[in-house]
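Structural characterization, general
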Amino acid sequence: MTRRSHVQPFFDPATWTVSYVVWDRATRIAAVIDPVLDYDFKSGRTDTATADRLLAYLAQEQLRVEWILETHAHADHLSAARYLHERVGGKVAIGENIRQVQAIFKKIYNLERSFLPDGSQFDHLFKDGESLRIGELEATALLVPGHTPADMAYLIDDAVFVGDTLFLPDVGTARADFPGGDAHQLYASIRRLLALPPQTRMCGCHDYPPPGREPQWETTVAQQRANNIHVRDGIDEGTFVAMRQARDATLEVPTLLLPSIQVNVRGGQLPPVEENGVAYLRIPLNALPRADGPPAHA
Ligand SMILES: [Fe+2]
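Report on the accompanying structure.

What counts, and where the lines are drawn
- Residues numbered from 1 in each chain as written.
- Predicted model: local features only at pLDDT ≥ 70, side-chain atom pairs only at ≥ 80, totals over all residues.
- Heavy atoms only, no water.
- Helix = DSSP H or I, 4+ residues; strand = E, 2+ residues; numbered from the N terminus.
- Rg over C-alpha atoms; globule rule 2.2 N^0.38 Å.
- Buried < 20%, exposed > 50% of the residue type's maximum accessible area, 1.4 Å probe, protein only.
- Contact = heavy atoms within 4.5 Å.
- Areas by Shrake-Rupley, 256 points an atom, 1.4 Å probe, with all protein chains shown as cover.
- Lys, Arg positive; Asp, Glu negative; His and termini not counted.
- Charge placed at Lys NZ, Arg CZ, Asp CG, Glu CD.
- Polar contact = N/O pair within 3.5 Å; in protein donor to acceptor, adjacent residues only side chain to side chain.
- Pairing = 2+ DSSP bridges.
- Axes fitted to C-alpha atoms, helices over the stretch in contact; angles between N-to-C directions.
- Left-handed = near helix turned anticlockwise from the far one by under 90°.
- Expected span 1.5 Å × (residues − 1).
- Arc of directions from axis to C-beta.
- Core = buried A, V, L, I, M, F, W, Y, C linked by side-chain atoms within 4.5 Å.
- Salt bridge = Lys/Arg side-chain N within 4 Å of Asp/Glu carboxyl O.

**Some thoughts on the overall build of the protein chain**
Looking only at helices and strands, the protein chain has seven helices and 15 strands in total. Since a compact globule built from 298 residues should have a radius of gyration of about 19 Å, the 18 Å found for the protein chain is in line with a globular shape. Viewed in the frame of its principal axes, the protein chain has a C-alpha envelope of about 55 × 50 × 40 Å. Looking at the protein chain as a whole, 52% of its 298 residues qualify as buried. If you take every contact in the protein chain between residues at least 6 apart in sequence, the share linking residues at least 24 apart comes to 68%. Accessible surface for the protein chain amounts to roughly 13,100 Å². Of this, 52% is attributable to carbon and sulfur atoms. Charged side chains of the protein chain number 29 positive and 38 negative; the gap between the two group centres comes to 2 Å.

**Quick look at the environment of Arg 28**
Along the chain, Arg 28 falls in the loop between β2 (17-24) and β3 (29-33). Of note is the side chain of Arg 28, whose polar atom sits 2.9 Å from the backbone oxygen of Glu 61.

**Considerations on the sheet that holds strand β5 (residues 45-47)**
One open sheet accounts for three strands, arranged β5-β4-β7; its pairing is antiparallel. Looking at strand neighbours, the two that pair on one side only are β5 and β7 (78-79), the edges of this open sheet. Pairing analysis gives two bridges linking strand β4 (residues 36-40) to β7, with the strands arranged antiparallel. Following the sheet pairing, Val 36 is matched in β7 by Ser 79.

**With respect to the environment of Val 36**
Along the chain, the position of Val 36 falls in strand β4. Judged by its relative accessible area of 1%, Val 36 falls in the buried class. Taking the C-alpha atoms as reference points, Val 36 and Asn 227, 191 residues apart in sequence, are found 29 Å from one another. If sequence neighbours within four positions are ignored, Val 36 has contacts with Asp 12, Thr 17, Ser 19, Thr 50, Ala 51, His 77, Leu 78 and Ala 80.

**Concerning the packing of helix α1 (residues 49-60) against helix α2 (residues 81-88)**
Remark: α1 packs on α2, axes separated minimally by 11 Å, with the N-to-C direction vectors making an angle of 30 degrees. Helix-helix and strand crossings are classified by hand; for α1 and α2 the assignment is right-handed. Judged by residue contacts, Ala 51, Asp 52, Leu 54, Leu 55 and Leu 58 of α1 engage Tyr 83, Leu 84, Arg 87 and Val 88 from α2.

**Some points on unusual backbone geometry**
In terms of backbone geometry, most residues other than glycine have negative phi values and most peptide bonds are trans. Even without being a glycine, Trp 16 presents a positive backbone phi close to 60 degrees. With a phi close to 55 degrees, Asn 286 is a non-glycine residue in the positive phi region. In this fold, Asn 286 is placed in the segment after α7 (257-264). When its relative accessible area of 81% is taken as the criterion, Asn 286 is described as exposed.

**Brief notes about the pairing of strand β12 (residues 152-156)**
The buried fraction of β12 amounts to four of the five residues, a majority that puts the element mostly inside the structure. Taken together, the five bridges between strand β11 (residues 137-143) and β12 define a ladder with antiparallel strand orientation. Opposite Thr 140, over in β12, you have Leu 155 as the bridge partner. Two strands pair when backbone bridges link them, and β12 and strand β13 (residues 159-163) are joined in this way by three bridges, in the antiparallel orientation.

**A closer look at helix α4 (residues 183-194)**
Taking 1.5 Å per residue, twelve residues should reach 16 Å; α4 reaches 16 Å between its end C-alpha atoms and fits that length. Among all positions of α4, only Ala 183, Leu 186, Tyr 187, Ser 189, Ile 190, Leu 193 and Leu 194 are buried. Buried positions in α4, seen along its axis, are confined to an arc of 165 degrees and lie on one side of it. Tucked into the core, α4 has its buried residues touching β11, β12, β13, β14 (201-204), α5 (221-227) and α6 (237-248). Between a side-chain oxygen at the N-terminus of α4 and the backbone nitrogen of His 184 the separation is 2.8 Å; the capping residue is Asp 182.

**Let's talk about the nonpolar core**
Residues Val 21, Val 32, Leu 58, Leu 84 and Ile 98 are the most contacted members of the largest nonpolar core, which totals 40 residues. Take this core: its biggest share by element is five residues, from α1. Residue contacts for Val 32: discarding those within four places in its chain leaves Tyr 20, Val 21, Leu 54, Leu 58, Val 65, Trp 67, Ile 68, Leu 69 and Leu 84. In terms of nonpolar packing, the next biggest core, distinct from the first, is built from 23 residues, Val 22, Ile 29, Ala 31 and Ile 33 among them.

**Digging into the pattern of salt bridges**
Note on pairing: side chains with opposite charge can pair once their charged atoms come close. A full pass over the atoms with the stated rule returns 17 salt bridges. Asp 158 is the salt-bridge partner of Arg 201, the closest N and O atoms lying 3.5 Å from each other. Taken together, the positions of Arg 201 in strand β14 and Asp 158 in the loop between β12 and β13 put the pair 43 residues apart, joining distant regions of the chain. Here Asp 170 makes a salt bridge to Arg 213, at a shortest N to O gap of 2.7 Å. Highlighted residues: Asp 170 in the loop between β13 and α4 and Arg 213 in the loop between β14 and β15 (218-220), separated in sequence by 43 residues.

Here is the structure:
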């Protein structure tokens, strides 16, 4: 039986991110999930080559975008949500707890007064359990906090887009030590996702493959429950939290965290241009803890 939905992944090797276009075969209405805006740290230059691949696909398949869904305020890439919205429309949406993340980072970056931590930078804020439609496809937004307080997963047809909660079974789970993160909450959120029907397809937002394995992004609830190195069935909350906290203490801050989050709390809008016509990113000095391990997200 052919599925009613089509899931098209786009892997960005520069940030190990997987973006998706999910569309309804009956109406050709689409949702874009977690689009990437390229950013070269050394030159401070943004680029739309990766986002333009998405646009080319949308045009080729003659899709109409109704939603641009963010799973969370990413810490490893800038979002292309606003860029895509300006070209093809679609409501830019994220979980309503983004307000908490905005409040935390407004302080850390000392953002301009006119930046309000009220979610108004997005076109829609989801509540936990809220339904949405993508053409004739039924979808549900699920609050899955822990990696950040605002993480959402999107259950669309027979697939769940889990953002940074779980990765592939041999990689495990996302770190829970960013401001507002919580390993206990992450465990509860993951168990919630693992309670979905076993055949549910699980589509991740990143892959960090171990040596010798090609990047992958899709697995199933059953495979995660059997094999996930951090949260397979039988690993209790205490064991998970102890592992997560010990590991997180060794992980370096992701390379693009400081540039990314200040753009992503604005829904992918770049900071306002200053009097000289240039927009600036801000780097708070001595505000984040430092560790010397790998700059891992997992
Ligand atoms: Fe993340």
